[in-house]
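# A structural walkthrough
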Amino acid sequence: MYIRHILLIFALYPGFAFALQTAVLDVQVALQNSEAAKAFRSSLQKSTTEAESRVLELETQAKALQAELNQSQGLASSEQLEQKQLQFQKVFDEYQRQGQVLQQQRAAEEQKFLQAMRPKLDAVIKSLIEEKEISLILNRQSAIYVEPGIDITPDIIQRLNELK
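Residues numbered from 1 in each chain as written. Predicted model: local features only at pLDDT ≥ 70, side-chain atom pairs only at ≥ 80, totals over all residues. Heavy atoms only, no water.

### A short note on the packing of helix α6 (residues 78-132) against helix α7 (residues 153-163)
Stated formally: Here an angle of 0 to 180 degrees is reported between the N-to-C directions of two axes, which are lines fitted to C-alpha atoms, with helices fitted over the stretch in contact. By definition, any uninterrupted DSSP run of H or I lasting at least four residues is a helix, any uninterrupted run of E lasting at least two residues is a strand, and each is numbered from the N terminus. Working definition: roughly parallel below 35 degrees, roughly antiparallel above 145 degrees, roughly perpendicular at 65 to 115 degrees, and oblique for all remaining angles. Handedness of a helix crossing follows the sense of rotation of the near helix relative to the far helix, less than a right angle counterclockwise being left-handed and clockwise being right-handed. Any two residues whose heavy atoms approach within 4.5 Å at even a single point are treated as in contact. Each residue gets one label: Ala, Val, Leu, Ile, Met, Phe, Trp, Tyr, Cys and Pro are nonpolar, Asp, Glu, Lys and Arg are charged, and the others, such as Gly, are polar.
For the pair α6 and α7, the least separation of the axes is 10 Å and the interaxial angle reads 120°. Comparing the axis directions of α6 and α7 gives the class oblique. Regarding α6 and α7, the two cross each other, and that crossing is right-handed. On the side of α6, the interface is formed by M117, K120, L121, V124, I125, S127, L128, E131 and K132, while α7 contributes D155, I156, R159, L160 and L163. When its residues are assigned to classes, the contact of α6 with α7 shows eight nonpolar, one polar and five charged.

Okay, structure coming up:
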């Protein structure tokens, strides 16, 4: 919708297009490819290694119990099958619970990282806007075609990396 309005302005006022310094930016790529994000991902991986190992161990246990339960069908008494089913369900429930806890922990840490990076990103974008006299920044995903020179994502990544 907004792009149509911009294109309409260009069509009605051709001189306006020349006065307008346009750029595109992929904020997600800029944040993900920054050195800070790489360090964060490494730190997050290290901090969740133990929990991830526990989840994988529970998954292995659940699969083994399920295979054992399947093999016991018709060979064990109904009481034994019920006991194996309860044991499997207990391990599987714990696997799901710990998996959800791990996902929530990672999501919370990622949210904290993004909140900490947002002011830095905004400052970098603002300085680039002033330096290059940019009038309009479009989201990279919204553009169908972009000349290589107007994508400021690499510049933003470089400047984020320089902040440290």
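### What about the packing of helix α4 (residues 35-47) against α6?
Two elements in contact, α4 and α6, have axes separated by 11 Å at closest approach and are oriented at 155°. Compared by their axis directions, α4 and α6 come out roughly antiparallel. Relative to α6, the crossing made by α4 is right-handed. Contact with α4, carried on its side by A36, A37, F40, L44 and Q45, involves R106, E109, E110, F113 and M117 of α6 and no other residues of that element.

### Comments concerning the packing of aromatic side chains
The description of an aromatic ring pair rests on the distance of the ring centres and on the angle between the ring planes. In plain terms, the rule: Geometry of aromatic contacts follows a simple scheme: Phe, Tyr and Trp rings, the Trp one being its six-membered ring, pair when their centres are within 6.5 Å, and the pair is stacked under 30 degrees between planes, edge-to-face over 60, tilted otherwise. The buried label goes to any residue with under 20% of its type's maximum accessible area, the exposed label to any with over 50%, and the partly exposed label to all in between, with areas taken from a 1.4 Å probe on protein chains only.
This model, assessed by the stated rule, comprises three aromatic pairs. Aromatic pair F40 and F113: ring centres 4.6 Å apart, planes at 15°, arrangement stacked. Taken as a pair, F40 in helix α4 and F113 in helix α6 lie far apart in primary sequence, 73 residues in all. Given a relative accessible area of 16%, F40 falls into the buried group. Given the relative accessible area of 13%, F113 is considered buried. Judged by centre distance (5.7 Å) and plane angle (25°), the ring pair of F88 and F92 falls under stacked.

In short, shape yes, function no, at least from these values alone.
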